[in-house]
Amino acid sequence: MDDDQLAISVRELRKAYGGRPAVDGIDLSVFRGEVFALLGPNGAGKTTTVEILEGYRRRDAGEVSVLGVDPDRADARWRSRVGIVLQGTGEFDDLTVAEVVHHFAGFYPDPDDPDKVIERVGLADKARARTHTLSGGQKRRLDVALGIIGRPELLFLDEPTTGFDPEARREFWELIRDLAAAGTTIVLTTHYLDEAEALADRVGVIAQGRLVEVATPARLGNREEALATVSWRTPGGSVERVESATPTALVTELAARFGGEVPGLTVTRPTLEDVYLRMIGHR
Amino acid sequence: MSTAATTTTTRPAPSPVRPVGPLALALRQGRLELRQFLRSRESVVFTMLFPVVMILIFASIFRGDLGGGVRFTQYFVTGMIATGLMTVGFQSLAIQIPIERDRGVLKRFMGTPMPRWVYFAGKVIMVAVIGVTETVLLLAVAAGLFDLTLPQTADRWLTLGWVSVLGITACTLCGIAFSSLARSGRSASAVATPIALVLQFISGVFFVFTELPTWMQQVAAIFPLKWMCQGLRSVFLPDSFAAQEPAGSFELGRVALVLAAWCVIGLALCLTTFRWTTRRDG
C-alpha cells in the first residue's frame, strides 16, 4: 500500500474524545513532493488528524503510515525525517533566535546550517534578538526554522499563518513555495481558502471529522464544470435567474429578445468560497 | 527570503553542526537550561540568592548564641542550605516544568529526535550547578560576614556532600513528579510555594526544631527537608549538640534512609505520572 510514491497513507482513521468522534473515518494519500492542504473550519478535525500523523496522539482505529512508519511507533530516526510546526508555539523567552536554532540543530543527524536556515526564514537581522522580542509573524518563522533545521523529507504545518497580516502571509507563502520547490513534502492545515488555493497541489476538505473531497484547488467541488448563473431584469421589473451550462448562448438569445442591452445582466460561476461553504454544510 | 532559496538544494553540503553523542547532548541541554535560568532575573534573585538574603536577615536579627559559645548562625546556616537546595530542586522545577508544558516547549522537544531523558538531564544539570553555586555563596557570605565556622574535618565535609547530594536528588525527583500535578503553569506556583513554605516552618529552618510542638515534628519527619536539616546540623554543630536532637543523636543512618526513600518515591512518580502534554491536548 505504501509504495515509495506515498509520503502518507491513511485508511479509515478514527478518533473520538469522550465518545464524540473528532475524526470519523478518513482515507488520505499524500504523494512525495506534494503540497497538500487540509482545509476545514475550526473543530473539523484537522489538528487531530495531523497530530495523529505526527505521532502526538493515538488513534482509536484505522491504518496510518507516514514515510513508511506507523507514527505510534515513532523513533528518533523517523523523527529526524519529519519536521513539525505546531499550532501553539513553545517559546524560549530568554534565549536568542540563533541559540535556539543552533540548539535544535544538535538533535538531528544531518542538520542544515543554522545560520543559513535563519536567513532563509527571514530572521537574519533578528538572530541575536531574544525570542520574546519577536512579533507574532517572526515567532512563526522561528517555528518554521525549527521545523526545517533537520532537513525533513516531510513537513507538517498546522495553521501556519493564523494571525498574520496580509504582507506577512505573502512572505510566508514564498517560504513554503521555496521549500516545496526543494522537494520537501508539505502537509498544511488551514481555514483560509486563499491559502489552500495559493499553496496546495491538492486540497482535502474536512468537515465534521470526514474528508468531504480531495481535488486540485481549481477542480474543487467540480467548480470548472459548474453551471453558470445568468440573471437579468424582466420588463415587469422582477429579476430572472437561470442556471445554464451554455451561458453564452443564453445571453445571445437574451440580447436578441431585448433588441440590444439586457437590463441588469450578470453571469457568475460559484467561487471557491461558495463551493467550500456548500461542502462544509453552510449552504 | 526568496533569494536564499538557492541554498535549499545543497543537501550534501557539510554541515557545521556535528551530530552529538548522548553525553554531549545532555551537556548541551544543561547549558541551555542554565542560560535560561541565569537570564531570568526572577530565578536568579528568588532562587539562587534567596538563601543568602535569608542568612543576612537571620544572622543579623539573631546575634546571640545557642549556648556553649555556638552562634545562632551555625544553626541557621543548616536550614538555609537545605532550603536553598529544596528551592532549586523542588520549587523551581515544580513551577518551571508546568509553564514549559503549557507553552508547548515539551511538545516541541517531543517532536524532535531528542531522546526524552535528555530533557531531564538538562534540568538535573541546571539544578546541580545552581545548587552548588548557591551553597558555596551562602557559606562564603556566612563565613565572611557572620563568623560561620566551616567544617573542620574531612568527615564532616563528606557528610555535607552526601546529605546535600541525596537531599537535592530527592527534591529534584519530587519536583519533577509534582510538576504533573499542577493543572496549568499559572497554578503551579500557587500549589508549590505554600507547600515549600509550610515545610520550611515545620522542619526547623526558621526555628530551632526541638522547640517545635511534638506533633509538628512528627509531621515534618515524613518529609525530606527535616532530614536534610538534621544531617546538616551534624556538620555545622558540635557533637555535643546531638543530645538535643529528638532522638538524642543526629541519626545519620536514618537521614540517608529517609532521603533515599524519597528518591525512590520521586523516581517512581516521575516514571508513572509525567505528562508531556497539557490535559486539553488529550
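As shown above, the structure is provided for reference.
Predicted model, so just to flag it, every value in this text is computed and none were measured.

Caption draft 1: Looking closely at the overall build of chain B. Helices and strands together make up the secondary structure of chain B, namely eleven helices and zero strands. Counting helices and strands in the order they occur from the N terminus, chain B gives α-α-α-α-α-α-α-α-α-α-α. The principal-axis extents of the C-alpha atoms in chain B amount to approximately 80 × 40 × 30 Å. Within chain B, the fraction of its 282 residues that count as buried is 53%.

Caption draft 2: Region of the structure containing the overall build of chain A. Summing up its helical and strand segments, chain A has nine helices and twelve strands in all. Overall, the C-alpha framework of chain A stretches about 75 × 45 × 35 Å when taken along its three principal axes. Counting only contacts in chain A whose residues sit at least 6 apart along the sequence, the fraction spanning at least 24 positions is 65%. Only carbon and sulfur atoms are counted for the fraction: they give 46% of the accessible area of chain A, which is about 12,300 Å². Placing the 35 positive and 46 negative side-chain charges of chain A at their respective mean positions leaves the two points 2 Å apart.

Caption draft 3: Molecular detail of the sheet that holds strand β11 (residues 239-244) of chain A. Residue and element names in this part refer to chain A. A sheet is described by the order of its strands in space; here three strands give the open sequence β11-β10-β12, paired in antiparallel fashion. Where the open sheet ends on each side, the last strands, each with one partner, are β11 and β12 (266-268). Within the sheet, the average angular offset between the axes of one strand and its neighbour, ignoring direction, is 20°. Pairing analysis gives three bridges linking strand β10 (residues 228-233) to β12, with the strands arranged antiparallel.

Caption draft 4: Quick look at a nonpolar patch on the surface. Residues and elements named next belong to chain B. On the surface, a cluster of nonpolar side chains totalling about 860 Å² of accessible area is made up of V45, F46, L49, V53, L56, I57, I61, F62, L137 and L145. Elements with a contribution of two residues or more to the nonpolar patch: α2 (41-48), α3 (50-61) and α6 (116-146). For the nonpolar patch, the element with the highest residue contribution is α3, accounting for four residues. Here L56 shows up in helix α3. For L56, a relative accessible area of 33% puts it in the partly exposed group.

What counts and what doesn't
- Residues numbered from 1 in each chain as written.
- Chains lettered and ligands numbered in written order.
- Predicted model: local features only at pLDDT ≥ 70, side-chain atom pairs only at ≥ 80, totals over all residues.
- Heavy atoms only, no water.
- Helix = DSSP H or I, 4+ residues; strand = E, 2+ residues; numbered from the N terminus.
- Buried < 20%, exposed > 50% of the residue type's maximum accessible area, 1.4 Å probe, protein only.
- Contact = heavy atoms within 4.5 Å.
- Areas by Shrake-Rupley, 256 points an atom, 1.4 Å probe, with all protein chains shown as cover.
- Lys, Arg positive; Asp, Glu negative; His and termini not counted.
- Charge placed at Lys NZ, Arg CZ, Asp CG, Glu CD.
- Pairing = 2+ DSSP bridges.
- Axes fitted to C-alpha atoms, helices over the stretch in contact; angles between N-to-C directions.
- Patch = residues over 30% accessible without salt bridge, like charges linked within 9 Å, V, L, I, M, F, W, Y side chains within 5 Å.
- Salt bridge = Lys/Arg side-chain N within 4 Å of Asp/Glu carboxyl O.

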